[in-house]
Amino acid sequence: MPRNNLKIKVFSGNSNLGLANELAKKLNIKLGEVEITKFPNSEKRIMVKEDVRDKICFLIQSFSNPTDENIMEFLLFCDALKRSEAEKIIAIIPYFGYARQNMQFREGECISANVVARLLSLYVDKIITVDIHDPTIEGFFNIPLINLKPYEVFYNEVKKIAHISKVCIVSPDSGGVKRAREFGEVIFRKNFFPMAVVDKKRDRQAVGKAESYDVFGDVKNKVVFIIDDILSSGGTLRRACDICLEKGAKKVFAFVTHHDLVDGVLEKLLNCKIEKIFTINTIADIWGLKDKKIFKELSAAELIAQEIKKYY
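In this report, we go over the structure that sits alongside the text. (Residues numbered from 1 in each chain as written. Predicted model: local features only at pLDDT ≥ 70, side-chain atom pairs only at ≥ 80, totals over all residues. Heavy atoms only, no water.)

Looking only at helices and strands, the chain features 8 helices and 14 strands. Against the 2.2 N^0.38 benchmark of 20 Å for 312 residues, the chain shows a C-alpha radius of gyration of 20 Å, consistent with a compact globule. Across its three principal axes, the chain shows a C-alpha extent of roughly 60 × 50 × 35 Å. Of the accessible surface of the chain, which amounts to about 15,500 Å², a share of 48% is contributed by carbon and sulfur atoms. Side-chain charges of the chain comprise 49 positive and 42 negative groups, with the mean position of each set lying 5 Å from the other. (Helix = DSSP H or I, 4+ residues; strand = E, 2+ residues; numbered from the N terminus. Rg over C-alpha atoms; globule rule 2.2 N^0.38 Å. Areas by Shrake-Rupley, 256 points an atom, 1.4 Å probe, with all protein chains shown as cover. Lys, Arg positive; Asp, Glu negative; His and termini not counted. Charge placed at Lys NZ, Arg CZ, Asp CG, Glu CD.)

Turning next to the pairing of strand S11 (residues 223-231). Of all 9 residues that make up S11, 9 are buried, and the element is covered over most of its length. Of the pairings in the sheet, the one linking strand S8 (residues 167-171) to S11 comprises 4 bridges and is parallel in character. Residue pairing in the sheet places Val-170 in a bridge with Ile-226 of S11. Across 8 bridges, the pairing between S11 and strand S12 (residues 251-259) is parallel. Residue pairing for S12: Leu-231 is matched across the bridge by His-259. For the segment spanning S11, helix H6 (residues 235-246) and S12, crossover handedness is right-handed. (Buried < 20%, exposed > 50% of the residue type's maximum accessible area, 1.4 Å probe, protein only. Pairing = 2+ DSSP bridges. Right-handed = clockwise from strand over helix to strand, strands pointing away.)

Glancing now at the sheet that holds strand S1 (residues 8-12). Across the sheet, 5 strands lie side by side as S1-S4-S5-S6-S7; this open sheet has parallel pairing. Edge strands, defined here as strands with exactly one partner in the open sheet, are S1 and strand S7 (145-148). Averaged over all pairs of adjacent strands, the angle between strand axes in this sheet comes to 20 degrees, irrespective of strand direction. In the sheet, strand S6 (residues 126-130) pairs with S7 via 4 bridges, with the strands oriented parallel. The residue of S7 that forms the bridge with Thr-129 is Asn-147. Relative to the sheet, helix H8 (residues 301-308) contacts S1, strand S4 (56-60), strand S5 (88-93), S6 and S7, its axis offset from that of S7 by approximately 145 degrees. (Axes fitted to C-alpha atoms, helices over the stretch in contact; angles between N-to-C directions. Contact = heavy atoms within 4.5 Å.)

In this structure, the amide linkage connecting Asn-65 to the following residue, Pro-66, adopts the cis form with an omega of 0 degrees. In this structure, Pro-66 sits in the loop between S4 and helix H2 (67-83). Positive phi, normally seen in glycine, also occurs at Asn-28, with a value near 60 degrees. Inspection of the secondary structure puts Asn-28 in the loop between helix H1 (17-27) and strand S2 (34-38).

Another point: the packing of H2 against helix H3 (residues 112-123). The relative placement of two packed helices is expressed as an angle between their axes plus a distance between the axes. Close contact between H2 and H3 brings their axes to 10 Å; oriented N to C, the two are set at 20 degrees. In terms of axis orientation, H2 runs roughly parallel to H3. As for the relative orientation of H2 and H3, their crossing is left-handed in sense. Residues Ile-71, Phe-74, Leu-75, Cys-78, Asp-79 and Lys-82 of H2 form the contact with H3, whose participating residues are Val-116, Leu-119, Leu-120, Leu-122 and Tyr-123. (Parallel < 35°, antiparallel > 145°, perpendicular 65-115°, else oblique. Left-handed = near helix turned anticlockwise from the far one by under 90°.)

Counting across every chain of the model gives 21 salt bridges. Connected through salt bridges with shared partners, the residues Lys-38, Lys-44, Glu-69 and Glu-73 form a single ionic network. (Salt bridge = Lys/Arg side-chain N within 4 Å of Asp/Glu carboxyl O.)

Turning to the nonpolar core, a few remarks are in order. Counting 44 residues, the largest nonpolar core has Phe-58, Ile-169, Phe-183, Phe-225, Phe-255 and Ile-304 as the members making the most contacts within it. Ile-46, Cys-78, Ala-86 and Ala-113 belong to the second largest nonpolar core, which has 31 residues in total. (Core = buried A, V, L, I, M, F, W, Y, C linked by side-chain atoms within 4.5 Å.)

When you tally the buried positions in strand S13 (residues 276-280), you get 4 out of 5 residues, the bulk of the element. Pairing of S12 with S13, which is carried by 3 bridges, proceeds in the parallel orientation. Directly across from Phe-255, in S13, lies its bridge partner Phe-278. As for the winding sense of the linkage, the β-α-β connection from S12 through helix H7 (residues 265-270) to S13 is right-handed.

Tracing the backbone shows Thr-282 in the loop between S13 and strand S14 (295-298). Exposure remark for Thr-282: the relative accessible area of 0% places this residue in the buried category. Other than its neighbours up to four places away in sequence, Thr-282 contacts Asn-16, Leu-19, Ser-62, Pro-94, Tyr-95, Val-130, Thr-257, His-258 and Ala-300.

Limitation: the analysis is restricted to geometry and does not speak to function.
Here's what the structure looks like:
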């Protein structure tokens, strides 16, 4: 039976209802009732249809494509909860869009991550997210931000692939070294393990384009695990796979938290030499990844549920 006597309420926007419903089952509760109306001119109206007075309200919304629409829906939702006198609003943002725009790369650019952070700080008391692109943007907020790491979610799949002695952890670029090291520590259960880094040069003038060069580290005769946070155009991942195979890797598997895919990338990935891409349902699967043999989508529900249970 659902637990309705808790001081918490869990609501969801429209961005990832599949994950929200799975999370509700893990918590043995019902999602809070809400009416979300989209008018013909694309404006939205949110009406909370639950008594949330003096309740701690968790609001689930991924800031994924369409990013701006999902963020605006989230802000309207927060306003509705505040006007209904919720005690606290805790944002659960499985995928934090705009986190890649965390600095001024060229003169005259905005810092989008800072803009979003300041907006959220006006409405919510705390943020829970999964594998944010750059944890340093926590400094943009004046509220707590909890960044859940997904590596234990991947761990059970790792054990099915190959004996750990045959594995080499690979970061697809220098910026992901810390993430790859953390992943390796979970997988190997120790601090020292085979690791390599793909050297990559990014062209800041051409959005979404990067060129990879070489591998620093020994991947020969190894089963390579490439770890990254976001899969978008697929260029970085495909090039990292090709280089590792050129350097003598036996097989290549990818572990990428967020599948923020763009048009045309699926066809490219289906024709590459990666054995399997493991990803997590932080973004709704609008591409039918579950039907593609190269993909295996895992769930973030238990990871997030454990954080919510701290408020029981």
